[in-house]
Each structure stands twice: as structure tokens, then as C-alpha cells.
Amino acid sequence: GSFLSIGGGYAVLQSSPTNSIIIEKVHAKKKFAKSANSEQKLLSIIRSGDVVRVKLVDASTKGMRYLTLHRGWWLRWSSSRPQKNGSFCIRTNDPNSTPIRLDSPFSLQTRRWSRYNVGAMQSSSVKFGGRMLGLYKAGPSTDPLEPELEDALDIPQHDAFGNKVDRGFMPLL
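Residues numbered from 1 in each chain as written. Predicted model: local features only at pLDDT ≥ 70, side-chain atom pairs only at ≥ 80, totals over all residues. Heavy atoms only, no water.

When helices and strands are counted, the protein chain shows 2 helices and 13 strands. Sorting the 173 residues of the protein chain into buried and exposed places 38% on the buried side. Long-range contacts, defined as pairs at least 24 residues apart, comprise 54% of the intrachain contacts of the protein chain with a sequence gap of at least 6. Within the structure as shown, the protein chain displays about 10900 Å² of accessible surface, and the carbon and sulfur contribution to it stands at 51%. (Helix = DSSP H or I, 4+ residues; strand = E, 2+ residues; numbered from the N terminus. Buried < 20%, exposed > 50% of the residue type's maximum accessible area, 1.4 Å probe, protein only. Contact = heavy atoms within 4.5 Å. Areas by Shrake-Rupley, 256 points an atom, 1.4 Å probe, with all protein chains shown as cover.)

Okay, structure coming up:
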């Protein structure tokens, strides 16, 4: 298996767990009364289609970091809670919206651009210590503005010799 971790500040998949990961449901900005504690717990159950935030607890410092988009494609850990680029829609193959179990596979879709999901590079990066996470296009688009969006997001990636290479992302599922 692969485990979500941090490598040079970026989100990477590694072969062994080094940090704790928390997936937290993002609620609308409502204040809950103290007597509504059981209702609050019920609303914390994560289901397919919910908006979530992913947090990393650093094992050595116990510091909290938040998963966020960086430069359009890459996923990076930020010490401050992101305002726009840190929310993801969690999806499973379960159509009836039952609660997501800890061992269930799921995918994350960026809230900023709904046609893009979180994926991992096919090859491992020695520099960052694992397979880097980033965004990939989920399927065919019928949106006429999609090519403009892709041009706006496209950040060329170069190898050590300056040659442009494919990002090579693959789904996490």
C-alpha cells in the first residue's frame, strides 16, 4: 500500500506511514449550540459527495498542515488553513450515500475545477521521497472553455536536462 505523507512540503505517496492524516468534513459557516452536540456528531459523518479538508499531523512536531493546491496542478501542505484551494469533494463508487468506512477506496475531486481529480505521479521522485500528488482531468469535457482553463493552469514540467515531460498522473483508486 501507499501512505500519504510530506516530502519537501509537497504531498507524496510513500511506502510506509510517517504521519497521521485527518479527513474532516467542511461545514457551512453555522454556529452550533452546545445542546446540539449529538446533531453536530451526526453531521460529521462523511458521505460520498461531501466537501472535505485533508490535514496532516506531523509525527515529530505534532504540527498541523493542510492539503492545498499549489501552482495550479500540485498538492502541497500548508501550515495555514487554505481559504479557496483546500476543499475537495470526496467520492466513492457507492451510489446510496452510506457513510464512508476507513478501509473504503475513495477519490478526491478539486472544488475549484470540478473536472479535475487528485492523482499520483506514475513514477517516484527521489527529490521529494515518493510519488507526488497533483491534479488530472477526470474525463472528456463538453465545456468550450476547458481548453482555455487548461492553458491557464498548464505549468510545464521539465526533467533534469530541461526537456518537457508529461505529468503522467494516474487515479488513486
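Moving on, there is more to tell.
What follows covers the packing of aromatic side chains. Going through the model one piece at a time under the given rule, you end up with 2 aromatic pairs. Taken together, a centroid distance of 5.0 Å and an interplanar angle of 70° make the contact between Y10 and F128 edge-to-face. Separated by 118 residues along the polypeptide, Y10 in strand β2 (residues 10–14) and F128 in the loop between β9 (116–121) and β10 (131–137) bring together distant segments of the chain. Like Y10, the residue F128 is buried in the burial classification. Judged by centre distance (5.5 Å) and plane angle (65°), the rings of W73 and Y116 are edge-to-face. In this pair, W73 is assigned in the loop between β5 (64–70) and β6 (74–78) and Y116 in strand β9, connecting sequence segments 43 residues apart. (Phe/Tyr/Trp six-rings, centres within 6.5 Å; stacked < 30°, edge-to-face > 60°.)

A separate point is the environment of I22. Within the secondary structure layout, I22 lies in strand β3 (residues 20–25). Spatially, the C-alpha atom of I22 lies 9.6 Å from that of Y66, the residues being 44 residues apart in sequence. If near-sequence neighbours (up to four positions away) are discounted, I22 is found in contact with R53, V54, K55, V57 and M64.

A positive phi is found at K62, a non-glycine position, where the angle reads about 65°. Relative to the helices and strands, K62 is located in the loop between β4 (51–57) and β5. Given a relative accessible area of 64%, K62 falls into the exposed group.

The next thing to look at is the nonpolar core. Core analysis: the biggest nonpolar cluster contains 29 residues, and L75 and L133 have the highest contact counts within it. Contributions of two or more residues to this core are made by β2, β4, β5, β6, β7 (88–91), β9 and β10. (Core = buried A, V, L, I, M, F, W, Y, C linked by side-chain atoms within 4.5 Å.)

Attention now goes to the side chain of S5. Positionally, S5 belongs in strand β1 (residues 3–7). Among the polar contacts made by the side chain of S5, one reaches the side chain of N19 at a distance of 3.1 Å. Setting aside residues no more than four positions away along its own chain, S5 makes contact with Y10, A11, V12, Q14, T18, N19, L56 and W77. (Polar contact = N/O pair within 3.5 Å; in protein donor to acceptor, adjacent residues only side chain to side chain.)

Sheet analysis places β4 next to β7, joined by 2 bridges and oriented antiparallel. Each bridged residue has a counterpart across the sheet, and for V51 the counterpart in β7 is C89. Both β7 and strand β8 (residues 107–110) contribute to a ladder of 4 bridges, which runs antiparallel. Bridge pairing links R91 to S107 in β8. (Pairing = 2+ DSSP bridges.)

Turning to the pattern of salt bridges, a few remarks are in order. The full count for this structure, using the stated rule, is 3 salt bridges. With a closest N to O distance of 2.7 Å, R53 and E24 form a salt bridge. Linking R53 in strand β4 with E24 in strand β3, this pair joins segments that are 29 residues apart in sequence. Residue classification places R53 among the buried residues on the basis of a relative accessible area of 11%. When its relative accessible area of 25% is taken as the criterion, E24 is described as partly exposed. The shortest N-O distance in the salt bridge between D50 and K25 comes to 3.4 Å. One end of the pair, D50, is in the loop between α1 (37–43) and β4; the other, K25, is in strand β3, and 25 residues separate them in sequence. (Salt bridge = Lys/Arg side-chain N within 4 Å of Asp/Glu carboxyl O.)

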